Amino acid sequence: MEWLAGLPRVAGLFVLTALMEIVGCYLPWQVLREGKPWWLLLPAAGALTLFAWLLTLHPAAAGRVYAAYGGVYVTVALGWLWLVDGIRPDRWDALGCALALAGMAVIMLAPRG
């Protein structure tokens, strides 16, 4: 049960990583598609740099982290859809999110030697 003690830290790290990736992609989208000011590319670059650095802090092999991170990314992206874009996720979004998180849990919590 040692892994359980570290679970909140890892979950928080996954969420923060996802937020940096989303911000790093959302701001250029705003510049290119919505005509927002070019200087938004600067915090976008910073967010993507932080995103890459945060990936190095995860406690598992890189490939496994990227695979598991996908489940959390889906969840955070749907939260962004609701909170930032003002579009409430529907039941299919919720089901997809649950499946993605279940896949993440299998990958990250599987007993390995």
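Predicted model only: the values in this text are computed from it and were never measured.

1. Here we look at the nonpolar core
Among the nonpolar cores identified, the biggest contains 17 residues, and Phe14, Met20, Phe51, Tyr69, Val72, Val76 and Met104 are the most heavily contacted of them. Non-local contacts of Tyr69, meaning those with residues more than four positions away in its chain, are made with Phe14, Thr17, Ala18, Glu21 and Phe51.

2. Considerations on the UniProt feature "transmembrane region" (unreviewed entry) in the protein
When the UniProt feature table is mapped to this numbering, "transmembrane region" (unreviewed entry) covers residues 6-27, 39-60, 66-84 and 91-110. Helix makes up 95% of residues 66-84 and strand 0%, with an end-to-end C-alpha separation of 25 Å. Secondary structure content for residues 91-110 is 95% helix and 0% strand, while the C-alpha to C-alpha distance between its ends is 28 Å.

3. Observations concerning helix 4 (residues 91-109)
Relative to the 27 Å expected for 19 residues at 1.5 Å per residue, helix 4 spans 26 Å between its end C-alpha atoms, a close match to the ideal helical length. Between a side-chain oxygen at the N-terminus of helix 4 and the backbone nitrogen of Trp92 the separation is 3.0 Å; the capping residue is Asp90.

4. Details of the packing of helix 3 (residues 62-83) against helix 4
Here helix 3 crosses helix 4 at 155°, and the two axes come no closer than 8 Å. For the element pair helix 3 / helix 4, the angle class is roughly antiparallel. Crossing handedness for the pair helix 3 and helix 4: left-handed. Of helix 4, the residues touching helix 3 (which contributes Arg64, Ala67, Ala68, Gly71, Val72, Val74, Thr75 and Leu78) are Asp93, Cys97, Ala100, Leu101, Met104, Ile107 and Met108. Taken together, the residues of the contact of helix 3 with helix 4 break down into 11 nonpolar, two polar and two charged.

5. Regarding the side chain of Gln30
Looking at the element boundaries, Gln30 is found in helix 1 (residues 2-34). Residue classification places Gln30 among the buried positions, given a relative accessible area of 10%.

Reading guide: rules and limits
- Residues numbered from 1 in each chain as written.
- Predicted model: local features only at pLDDT ≥ 70, side-chain atom pairs only at ≥ 80, totals over all residues.
- Heavy atoms only, no water.
- Core = buried A, V, L, I, M, F, W, Y, C linked by side-chain atoms within 4.5 Å.
- Buried < 20%, exposed > 50% of the residue type's maximum accessible area, 1.4 Å probe, protein only.
- Contact = heavy atoms within 4.5 Å.
- UniProt positions renumbered as here; feature names shortened; annotations may be inferred.
- Helix = DSSP H or I, 4+ residues; strand = E, 2+ residues; numbered from the N terminus.
- Expected span 1.5 Å × (residues − 1).
- Polar contact = N/O pair within 3.5 Å; in protein donor to acceptor, adjacent residues only side chain to side chain.
- Axes fitted to C-alpha atoms, helices over the stretch in contact; angles between N-to-C directions.
- Parallel < 35°, antiparallel > 145°, perpendicular 65-115°, else oblique.
- Left-handed = near helix turned anticlockwise from the far one by under 90°.
- Nonpolar A, V, L, I, M, F, W, Y, C, P; charged D, E, K, R; others polar.

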